[in-house]
Protein chains: 2
Amino acid sequence: MLTDIEIAQAATLLPIHNVAEKLGLSAEAWLPYGHHIAKLTQATVSKLQQQPARAKLILVTAISPTPAGEGKTTTTIGLTDALNHAGYPAMACLREPSMGPVFGMKGGATGGGYAQVVPMENINLHFTGDFHAISAANNLLAALIDNHIYHGNALGFEHVSWRRCMDMNDRALRRVTLDHEVHTGFDITVASEVMAIFCLATDLQDLTARLGRIQVGSNAAGNPIFASDLQAEGAMTALLKDAFQPNLVQTLAGSPALVHGGPFANIAHGCNSLVATRSALRLADYVVTEAGFGADLGAEKFMDIKCRQSGLRPDVAVLVATVRALKYHGGIEVADLNNEHLDALQAGLANLKKHLDNLHHQFGLPVLVALNHFSHDTEAEVALVDAAVQSWGYQMHVCKHWANGASGASDLAKALVTQLSQASTGARLAYADDVALEEKLALVARQIYGADGVAFSPAAQAQLHALAAASQGLPVCVAKTQYSFSCDPKQRNVPVGHTLLVRELRLARGAGFVVAICGDIMTMPGLPKQPASIRIGVAADGKISGLS
Amino acid sequence: MLTDIEIAQAATLLPIHNVAEKLGLSAEAWLPYGHHIAKLTQATVSKLQQQPARAKLILVTAISPTPAGEGKTTTTIGLTDALNHAGYPAMACLREPSMGPVFGMKGGATGGGYAQVVPMENINLHFTGDFHAISAANNLLAALIDNHIYHGNALGFEHVSWRRCMDMNDRALRRVTLDHEVHTGFDITVASEVMAIFCLATDLQDLTARLGRIQVGSNAAGNPIFASDLQAEGAMTALLKDAFQPNLVQTLAGSPALVHGGPFANIAHGCNSLVATRSALRLADYVVTEAGFGADLGAEKFMDIKCRQSGLRPDVAVLVATVRALKYHGGIEVADLNNEHLDALQAGLANLKKHLDNLHHQFGLPVLVALNHFSHDTEAEVALVDAAVQSWGYQMHVCKHWANGASGASDLAKALVTQLSQASTGARLAYADDVALEEKLALVARQIYGADGVAFSPAAQAQLHALAAASQGLPVCVAKTQYSFSCDPKQRNVPVGHTLLVRELRLARGAGFVVAICGDIMTMPGLPKQPASIRIGVAADGKISGLS
């Protein structure tokens, strides 16, 4: 069997101008980065945003995942290809991969099998440099803060909350002590507030304004100090302005895809950039996008943060499930997932139902199940899932895009088009802007996570009080494990009797949300004992091997 | 008077394919990065390296500079433009700017006035991402080291010498303590050994081999541990492979320029990449390149490191001088440099003569003086310099490319072409490969710096002993101040009676040299009280202001 990189390298790619032409974009509308990557120009993005959106927006999300992931990215790509194959002009909107996991355990994030975006080596490594630009903007702000203190501290910093970042899994940088005995640390770039701002800003002016609003610390009186107090936002915008232009690439089947921005979905809001989604909605008839991790994290934040701030609303949701993950939720261990276990599968279906009901009843979305097929899935297992989904009043489609490309997702594509020709039920958010922060958390905990309620650590309780005014009107971004509806990654399926324990609250004033940190959530991952980097190499002609 | 960025933004740039066509490069030979930047492909670089070099190589260097710099980059650009203007196909080879100084005091490094490489905003900010790739490769290695120790330390690290890096002036990161009580720190990216390796490697295989040879620490027995022991070099090469392709841009006058790599010239060897220089020598008749800081640092390292390792030899040197800097060496303070001071100028000429004699007698190079003209220079001052230079048997040409572009350097260009039509005297290096390290240092100290000799701190003395075997055959890279022939930046002009005091020796095994740290030399700069970042901003249409 060919590896992902072998499939990608064997493909013949369209010159990017052909991909742009499919979207009706003239040669002036984009900038080339090599022959297979382009950035839409700022002028193009501005012009598109003045037009009405024409596309239907399809949100791809998933059940609570296993560590391997359930295939949201491949489904997003396969579905886009299937729509185009059936004659419905479609494009994908995806997040850019972080390089941290590329050298760690998980590998890249460009899909897999015959559902990939390409050139995969470039997209997984540096791509057009967007994440480096975000790191640089983040770290310029950090340098300006310490430099300000060094030169006399006129603003009276007593506490600095701003951390540095790097697009690397580097455990040793989680906590560092600077020379002047200041304790700080590095986050992975995708966990930075600058990344969230980048993905939520509507244009360069909004980007600058949001960057200026970042709270970087406080003075002895406890009053906040902002990036704008350091006059940092102009230079930060200068560092971000090229990156802010969405990246255009193609799938293996030649479908256009915008791959732009990439906040993590546990610590941050987990969606590609707003400017990419808005542009895509004016360039195709169907836009397929994904939100990170399970629907409790990614889809909830897509709705309550990205849609709330931007006015966007998805027309339909696709919930990706796998027989493997459902068996895992039913109690089977990872090593045993290749074997048929109908009882465990039956039990694990509860996880699927809870996510379906959340999407349909809490967010008011039509929702279809995409069963991402693996070769070890038995007919009986697939039939069991199908029967259950039908009995709940939803429909399910088996997807084999990983093995078969576009044709593997054609049933799903046809069903979606039919669904989208019907009147939408009307998407809604999980809570209103004007309820109190603790009530927003309680609503998400009870309605989405199935928790009994929310509790706060003494520190979080104090922060809740301190942030009462500043947090008014802002949505909440829950940072918790992706492996469970609860805060405990070991509680699979649909845990009951749990409470959402908020350990810490952080105001992300520029991003426009409050982060509620629940449980042990990492803002800087580590590498495994055998990092993926060991397998990666480059031949004399420049051909990369070992990426996955 | 227009600022540099205003001049650059007012210019009409050629599409980069027109620049490539001037060099005889077909559309397949390069990759576009926007409409005004290209990278020569790896295949193009490989093919070119198999051809014989056809161009004359002109090395632009300078007298001991003032903090403002004396105009090596503008002279390199102006001279290239003047050669092309006179019908001699020429191209420039320059270093990429570091972003650290862009936000600090000095500003960018793309020339100035009417002698600039463009697009200046891109080249000064991120450019094609090369420095970010170098930082990532450097920091992946650091992460792999700490990860290896975390997972059991099978290699037995007792001491880790490898540091992280960032392309930022961030004083606070000079010394940091990691969580496990390890003391380390960050260097600016341009001071990293990965940068030096990148600029000295002949091809991807050599790049990989050099990266594997990096010594990252030692075990309890004092035995070295290498990057290859961590199997890091393949992934590091994967991170560097796109960056390793030279960047093609243009001057304001449309001359082609390769801008690639950029090690600092005090701590590192201060020359653009070897692959860029070698490519240029096969694409034009005249290649004009610069070496960083004064000739005691940049030109010496160009000869003794870059030329020694690669076999390259320059055909002629151009020594850039300014009336201002000569008066400064004659004792005038910066605030008073706009006024005529003939006595001080006369005294300061000694600095010029010492550099001229070094280039001519020590390195065997024909050398011409380019007097980079400033508006406050008086006729009497210019005449004084001219008479002195002639009396020493050299020739001088007044250059006004900053104000006038190509025509400002036409006299210099004509004189150079005449000079290059004569037989070369034969360039030579300052020392042989096989003399001992302390003797190499003594030769450079006495012959180039005019020192009485070399001395070693007790630590350096011990390192000299420890490195005796490993340093055999390697050149030495002296890290010292650029403001003086001595190690003391306050000793202007031609100090006498000084000794080169080596504080520390560091083996850069991958780069293939030994760094001798002399005096207080910074591997991570800081920002000034009013950083340049404060003035930088972006308009709604994406136009950057305030860069310099």
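Our subject is the structure listed above.
Presented here is an overview of the structure given in this document. (Residues numbered from 1 in each chain as written. Chains lettered and ligands numbered in written order. Predicted model: local features only at pLDDT ≥ 70, side-chain atom pairs only at ≥ 80, totals over all residues. Heavy atoms only, no water.)

**Observations concerning the relation of the copies chain A and chain B**
Then, number 1: The two copies are related by a screw operation: chain A maps onto chain B through 180° of rotation and 0.0 Å of translation along the axis, at an RMSD of 0.0 Å. Overall, the copies show the geometry of a two-fold rotation axis.
Then, number 2: A shared binding surface is used by both copies, with 100% of the interface residues of chain A retained as interface residues in chain B. (Least-squares fit on C-alpha atoms with pLDDT ≥ 70 in both. Contact = heavy atoms within 4.5 Å.)

**A closer look at the sheet that holds strand 7 (residues 157–160) of chain B**
In sheet architecture, strand pairing relies on hydrogen bonds along the backbone and comes in two forms, parallel and antiparallel.
All names here are of chain B.
Then, number 1: Reading across the sheet, the three strands line up as 7-12-13 and stay open at both edges, with antiparallel pairing between neighbours. The sheet terminates laterally at strand 7 and strand 13 (224–226), the two strands that pair on one side only. Going from strand to strand, the sheet's axes swing by 40° on average, the running direction of each strand aside.
Then, number 2: Sheet analysis places strand 7 next to strand 12 (residues 215–219), joined by three bridges and oriented antiparallel. By the bridge assignment, Phe157 is partnered in strand 12 with Asn219. (Pairing = 2+ DSSP bridges. Helix = DSSP H or I, 4+ residues; strand = E, 2+ residues; numbered from the N terminus. Axes fitted to C-alpha atoms, helices over the stretch in contact; angles between N-to-C directions.)

**Considering the nonpolar core**
Then, number 1: If you look at the biggest cluster of nonpolar residues, it comprises 310 residues, and the most contacted ones within it are A:Leu352 and B:Leu352.
Then, number 2: Beyond its immediate chain neighbours, meaning those up to four positions away, A:Leu352 contacts A:Ile63, A:Leu319, A:Ala321, A:Leu326, A:Val369, A:Val385, A:Val389 and A:Trp392. (Core = buried A, V, L, I, M, F, W, Y, C linked by side-chain atoms within 4.5 Å. Buried < 20%, exposed > 50% of the residue type's maximum accessible area, 1.4 Å probe, protein only.)

**Describing the interface of chain A and chain B**
Then, number 1: Each partner contributes residues to the interface: chain A has 63 residues there, and chain B has 63 residues.
Then, number 2: A combined buried area of about 5300 Å² lies between chain A and chain B, and 66% of that area is made up of carbon and sulfur atoms.
Then, number 3: Among the salt bridges present, the one from A:Arg164 reaches B:Asp170, with a minimum N-O distance of 2.8 Å.
Then, number 4: Where chain A meets chain B, there are 21 residue pairs in polar contact (both at pLDDT 80 or more).
Then, number 5: Within the residue set of the side of chain A that touches chain B, elements represented by two or more residues are strand 1 (30–32), helix 7 (130–150), strand 8 (164–166), strand 9 (176–178), helix 9 (204–213), helix 10 (233–240) and strand 24 (537–538) of chain A.
Then, number 6: For the side of chain A that touches chain B, the element with the most residues is helix 7 of chain A, which contributes 10 residues.
Then, number 7: Considering only residue class, the side of chain A that touches chain B consists of 35 nonpolar, 18 polar and 10 charged.
Then, number 8: In terms of strand pairing, strand 9 of chain A meets strand 9 (residues 176–178) of chain B through three bridges, oriented antiparallel. Residue pairing across strands places A:Val176 opposite B:Leu178, the latter belonging to strand 9 of chain B. (Buried area = accessible area lost by both parts, 1.4 Å probe. Salt bridge = Lys/Arg side-chain N within 4 Å of Asp/Glu carboxyl O. Polar contact = N/O pair within 3.5 Å; in protein donor to acceptor, adjacent residues only side chain to side chain. Nonpolar A, V, L, I, M, F, W, Y, C, P; charged D, E, K, R; others polar.)

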